[in-house]
Structures are given as structure tokens and as C-alpha cells.
Amino acid sequence: MVSDVLIVIDLQNGVNSEDFPLARLNEVLSGVNERIAVYRDAGKPVIFVQHVDAELVIDNEDWRVMPELDARTDDLYVNKTHANSFYKTGRRRNIVWIAPFDLHTVLVLIVR
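Along each chain, the written sequence defines residue order, and numbers are assigned to residues from 1. Reporting in this predicted model follows two pLDDT cut-offs: at least 70 for local features of residues, and 80 or more for side-chain atom pairs to be given and counted; totals over whole chains, interfaces and linings ignore these cut-offs and use all residues. The basis for the side-chain values is all heavy atoms of the structure; hydrogens and waters are excluded.

1. Details of the pairing of strand β1 (residues 5–9)
To be explicit about the condition: Exposure classes here rest on a 1.4 Å probe applied to the protein chains alone. A residue is buried below 20% of its type maximum, exposed above 50%, and partly exposed in between. Note on conventions: DSSP H or I runs of at least 4 residues are helices, E runs of at least 2 residues are strands, and numbering of each starts at the N terminus. We treat two strands as partners when DSSP finds at least two bridges between them. Assignment of crossover handedness uses the view with strands pointing away from the viewer, where a clockwise path from the first strand over the helix to the second indicates a right-handed crossover.
Along β1, 5 of the 5 residues are buried, which leaves the element largely enclosed by surrounding structure. In terms of strand pairing, β1 meets strand β2 (residues 46–51) through 4 bridges, oriented parallel. Within β2, the position partnered with I9 by the bridge is V49. For the crossover that starts at β1, traverses helix α1 (residues 25–41) and ends in the parallel β2, the hand is right-handed.

So this is what it looks like as C-alpha cells:
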């Protein structure tokens with residue numbers, strides 16, 4: 001089953017480091033790309049949510065989505081400033097970026 005939209009959260013260059021490596025990252029990225037392909041084949045949108053803070057500065061290399069991911073310019077990109085992607089977003093704010101998709105089901109992929 002394919003949900004109405006795929007949301008990929010926090011798979012940015014700066015969340016993986018030699019000091020704190022993400023477990024089985026290659027497997028995770030492969031699996032996420034497989035899901036992205038399923039959604040693209042189904043004509044469903046892919047949304048990338050990117051964390052922004054003192055280390056993950058917008059347009060900085062650490063802030064960017066990991067290059068191994070099949071992220072495209074026509075995907076939707078949303079910034080967040082709290083570790084919880086939905087913290088203090090409020091229903092109205094969520095509706096602003098989700099409403100155009102007429103959603104009934106959502107698949108969210110989070111790596112932490």
C-alpha cells in the first residue's frame with residue numbers, strides 16, 4: 001500500500017558524523033530510496049523535512065539532504081527548528097504545507 005505522501009525527516013549531511021555515526025546508514029538510505037521510487041512511480045509527492053539550528057544552517061552543506069538520496073528540485077522541502085517535526089506547528093500550519101495533497105494517509109520516515 002502506498003500512502004498519499006512520503007515524508008522523509010532529518011536525513012541531512014550534518015546528522016551523521018564520525019563521532020556519532022548513524023547505524024546502518026547505507027541500508028537506511030537504500031531503503032528510503034526504494035520507498036521514494038515507489039512513491040514516484042505512483043505519482044505521489046515526496047516531502048523532505050530539514051532541521052535548522054546553530055549547526056544546521058540553511059544552505060550550509062551540513063543542512064543539505066544527504067546526496068545519496070533521490071531528492072529532486074520538484075520535491076517539497078520544509079524546514080523545522082525543533083527536534084520533533086510537529087512540535088508547536090499547530091494544525092493550521094500543518095495544513096498550509098500538507099493541504100494541497102488531499103491526504104488520507106501519510107508515511108513518515110525518521111532517522112535519529
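Now that the structure is up, let's keep going.
2. Remarks on the packing of aromatic side chains
We count it as follows: Centres within 6.5 Å are what make two rings of Phe, Tyr or Trp a pair, Trp counting through its six-membered ring; a difference in plane orientation under 30 degrees is then read as stacked, over 60 as edge-to-face, and the rest as tilted.
Counted under the stated rule, the structure contains 1 aromatic pair. Here F48 and Y77 contribute two aromatic rings whose centre-to-centre distance is 5.5 Å and whose plane-to-plane angle is 15°, an arrangement assigned as stacked. Of this pair, F48 sits in strand β2 while Y77 sits in strand β3 (residues 76–80), placing them 29 residues apart in sequence. Of the residues examined, F48 reaches a relative accessible area of 1% and is grouped as buried. The exposure class assigned to Y77 is partly exposed, which follows from its relative accessible area of 33%.

3. A word on unusual backbone geometry
At D10, a position not held by glycine, the phi torsion is positive, near 70°. Summarising the element assignment, D10 is placed in the loop between β1 and α1. What makes D10 buried here is its relative accessible area of 1%. Unusually for a residue other than glycine, D59 sits at a positive phi of about 75°.

4. Some remarks on α1
The line we're drawing: Between the first and last residue of a helix there are one fewer steps than residues, each counted as 1.5 Å, and that sum is the expected span. Working note: the arc is built from the helix axis to C-beta atom directions.
Across its 17 residues, α1 extends 24 Å between first and last C-alpha, which sits within 8% of the 24 Å expected from 1.5 Å per residue. Considered for burial, the residues of α1 that qualify are L25, L29, V32, I36, Y39 and R40. What you see down the axis of α1 is that its buried residues fit within an arc of 95°, all on one side. The outward face of α1, more than 90 degrees from its buried face, is lined by the exposed residues N26, E34 and D41. G43 lies just past α1 and shows a positive phi near 70°.

Keep in mind that these numbers describe shape and distance, not what the molecule does.
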